[in-house]
Structure formats: structure tokens, C-alpha cells
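Residues per chain, in single letters:
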Amino acid sequence: MADIHQLILLLDGRTPLLWMRRNQGLAGIGCALRLEFSGPTRMTDAAAAWKQVVALATVTDPLARTGTGLLAFGAFAFDETSAETSVLIVPEIIVGREDGQCWVTRIWETGQSAPENPLTLRPLGDEYRIALLPGALPPEDFRAAVSSGIARIRSRQVNKVVLARDLVGRVPAESDLRRAITKLALGYPDCWTYAVDGLIGSSPETLIRADHGSVNARVLAGTISRGADAEDDREAALTLATSSKDGDEHEFAVQSVLKSLRPHTSALATSEIPFTVKLPNLWHLATDLEGTLSDGSTSLDLIAALHPTAAVAGTPTAAALSLIRELEPFDRGRYAGPVGWVGADGDGEWAIALRCAQVVPAGGITAYAGCGIVLDSDPDRELAETKMKFRPIVEAFG
């Protein structure tokens, strides 16, 4: 497969399973096992359940490399009170590609025969375009919510809170979701493009990657729109890098990740100062973290320790979550929760489910975008930032 986008053509158009970036990724076909979780222990329950699945499985993996053998795709609800279930899905067939090499894994229930699903490149279905309209929190109400958040910060109830708004629409019956996935993958090749149980998006933020005892993460917080030309673009990046407001927002996020990872690592280092990351429509402030695991934690254990970071909730965490529940009149579902995959050895890659939409079997679709609110935030600027962050999904489905 010379072109990573051919992975997308292998997928089911209605129930795609995908994790990819640049010229590498994992495509899942069919469902050999589905596990569901909910409530405050959803991630620790998933970690325990996955260990049981692995212990009972017979795995033949001659390649023994990252992404081969038994693995599950996963997506977790943001809030412990969410009505949305969190899932781990083990496909019947996994096709992987990395560094120009491809492999196929087949998974079946003990006592049954191996799945005979042929690997077929299926052409994309008919084109469609949908309109995404304001949902439970229209623009004027979002501005009011941001103003309320700033007031709570001023009164020292919280230091930072992340507030989101929603857009809603309907996808025509029998629509091929691979069309939207293809647009995301082509438009945002440096992001993690994912599809798990109807959750579709392209996230720029790696929550955690665990690989043979090493861990790394990329924290993104602080955003500005790209410039209209090269000079404006350089000025935008410089403005972001020197913004005290964005710097404060970013530092809260970095410190929350460091605090969560330190108990699990023997060594943990970060890039000395935040750097700017360029996406097609935005600049972000970023910090990379690298460490060495010291307690045998799996990637599922680590996402349980990390979530929710200050980048998607705020700080202090409990107070920020309480304020989100008060000011957002909707259930975030899996938006801003962990999305990714875990292997039989516990290694895996997980992103934060950003720049995303949840599509339900009946055809409803809800997209989400949020902003970190600190003392110097401005409601109009935060609303404009959500519009920029909606752009990938709006364009993918429109």
C-alpha cells in the first residue's frame, strides 16, 4: 500500500475504526469483541478488563512490533457522569502500516474459525454535504458562559476552566463516513485522524504514548489563528509565543500532566520552553514530555492517571469540572476524552479527542470545540477561537 489513504478504503463506511497520522496507521475491520464502561472507574475498569482479555488470549505475533498482534481501539467519555459509554473494540481484522511496511492481524473467538473477510478496497460512497448549526449553547450563550467563567476565576474559585460549545446536524442515511475521514486525513496530516464507534476527528494533541517502557506526550494549550500571508503568519506565531494569557493557560496544562505522570516514572523531562506548532488553520503553544516508566503501568493506566488534564478541564480539576457541569448545558460525551489504541503488552497511543464530532447510528451528529478560560480571557476572542477549532469538522462534513 503505497498510499496510507488506501487504509481508509478498507474500512466499513458506517462503522470505521481508524488511527493514523502522516504515512502510518491502523485500520480495523469488523468486531471480534466490544467492551463498555461507564462512571468514575471507567478507565481503571477498562485497564483491568483488558488485562483479563490478554491473559485469556492466545497471540501469535511473529513481528512483535508496535501495533501488531492483539489490540483494541478505544474512546472514553470525558466526564464520569456522562450518559455516553466508553468503549474498547477489538476488530476482526487489523491492517497496519509503519515506515513503509504493512501487516495484517486476524482475531477470532476461541473455538471459532478465523474470519474470512477479504481485504477489499471499497470505493467511497456518494458525496454529501451537511450544515452544522448551533446546538445547546449558541454563540451568545457561550459568551455569557465565558463571562461567568472569568468572574469565577476573578473570585478565585478556579484558576482556569475549559468551556466548550456544540454544533449539531444530521448525516443522510447510509452516508459513507470515510469521506469525512479522508478530508481530515488529507487536510491535517500531522494530526491523529481517528474513528472509533462513531467518534471522528483529527487531534493535534498526544495525550500519551507508551512504548517498551518509555512514555511521551505533547501538551497543547494556547491558540491563535494563522496569518493571511507569510509576514502576518510570523507575527501571529510571535504574538502567541509572547502572550502572557496564553502562556499562563499553557503552564497550567503542562503542570497538570507532570503531576499526573511523576508517580509512574523514574525520569521525566520537558522541552525547556513552549514552542509553536503550526496547523493549517491555527498556531498552538506546545510542550513535549518524555519519561521512563517505573511501575509497569499500561497505556490504559496512564490515561486513567492523566485524564482530565488542565488542557481540557482546567485547574484545580474538581472545581473546574464542577463549573463545566454548571455552565455547559450538554453532555460532552467523548469529546475531550482519551481516544486511541492499546496492545496486548499494554503499550499504545492515545490522543485527546479534539476537533471531533460524534455520529450516532440514527444519523445525528454533534461537533464540539472549546477554549481555555483564564483571567485575561475575552468572550469575543474565545468565541472566535471556537470557530477556528470547528473548521476541520465543518469542512470535512460540509
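Keep in mind the model is a prediction, meaning the values are calculated, not measured.

1. Some thoughts on the overall build of the chain
The secondary structure content of the chain amounts to nine helices and 21 strands. Relative to the compact-globule value of 21 Å for 398 residues, the chain shows a C-alpha radius of gyration of 20 Å, a close match. For the chain, the C-alpha atoms occupy an extent of roughly 60 × 50 × 40 Å along the three principal directions. Taking all 398 residues of the chain together, the buried fraction comes to 55%. Excluding contacts between residues fewer than 6 apart, the proportion of contacts in the chain whose partners are at least 24 apart in sequence is 73%. Accessible area of the chain: about 16,600 Å², with a carbon and sulfur share of 50%.

2. Considering the nonpolar core
If you look at the biggest cluster of nonpolar residues, it comprises 81 residues, and the most contacted ones within it are Trp50, Leu88, Leu163, Ile208 and Leu300. Counting 31 residues, the second largest nonpolar core, distinct from the first, contains Ile8, Tyr128, Ala185 and Ile393.

3. Here we look at the packing of helix H2 (residues 42-56) against helix H7 (residues 299-306)
Put simply, H2 and H7 touch, their axes get as near as 8 Å, and they point 175° apart. Taken together, the axes of H2 and H7 are roughly antiparallel relative to one another. Across the interface between the two elements, Met43, Thr44, Ala46, Ala47, Trp50 and Lys51 of H2 pack against Leu300, Asp301, Ile303 and Ala304 of H7. When the residues that make up the contact of H2 with H7 are grouped by side-chain class, the tally is seven nonpolar, one polar and two charged.

4. Considerations on a negative patch on the surface
The grouping of Asp229, Glu231, Asp232 and Glu235 at the surface amounts to a negative patch. Along the polypeptide, Asp232 turns up in helix H5 (residues 230-242).

5. Overview of the UniProt feature "domain: Chorismate-utilising enzyme C-terminal" (unreviewed entry) in the chain
The sites that UniProt annotates as "domain: Chorismate-utilising enzyme C-terminal" (unreviewed entry) are residues 140-389. Secondary structure content for residues 140-389 is 34% helix and 35% strand, and the end C-alpha separation is 18 Å.

Procedures and definitions
Residues numbered from 1 in each chain as written. Predicted model: local features only at pLDDT ≥ 70, side-chain atom pairs only at ≥ 80, totals over all residues. Heavy atoms only, no water. Helix = DSSP H or I, 4+ residues; strand = E, 2+ residues; numbered from the N terminus. Rg over C-alpha atoms; globule rule 2.2 N^0.38 Å. Buried < 20%, exposed > 50% of the residue type's maximum accessible area, 1.4 Å probe, protein only. Contact = heavy atoms within 4.5 Å. Areas by Shrake-Rupley, 256 points an atom, 1.4 Å probe, with all protein chains shown as cover. Core = buried A, V, L, I, M, F, W, Y, C linked by side-chain atoms within 4.5 Å. Axes fitted to C-alpha atoms, helices over the stretch in contact; angles between N-to-C directions. Parallel < 35°, antiparallel > 145°, perpendicular 65-115°, else oblique. Nonpolar A, V, L, I, M, F, W, Y, C, P; charged D, E, K, R; others polar. Patch = residues over 30% accessible without salt bridge, like charges linked within 9 Å, V, L, I, M, F, W, Y side chains within 5 Å. Salt bridge = Lys/Arg side-chain N within 4 Å of Asp/Glu carboxyl O. Lys, Arg positive; Asp, Glu negative; His and termini not counted. Charge placed at Lys NZ, Arg CZ, Asp CG, Glu CD. UniProt positions renumbered as here; feature names shortened; annotations may be inferred.

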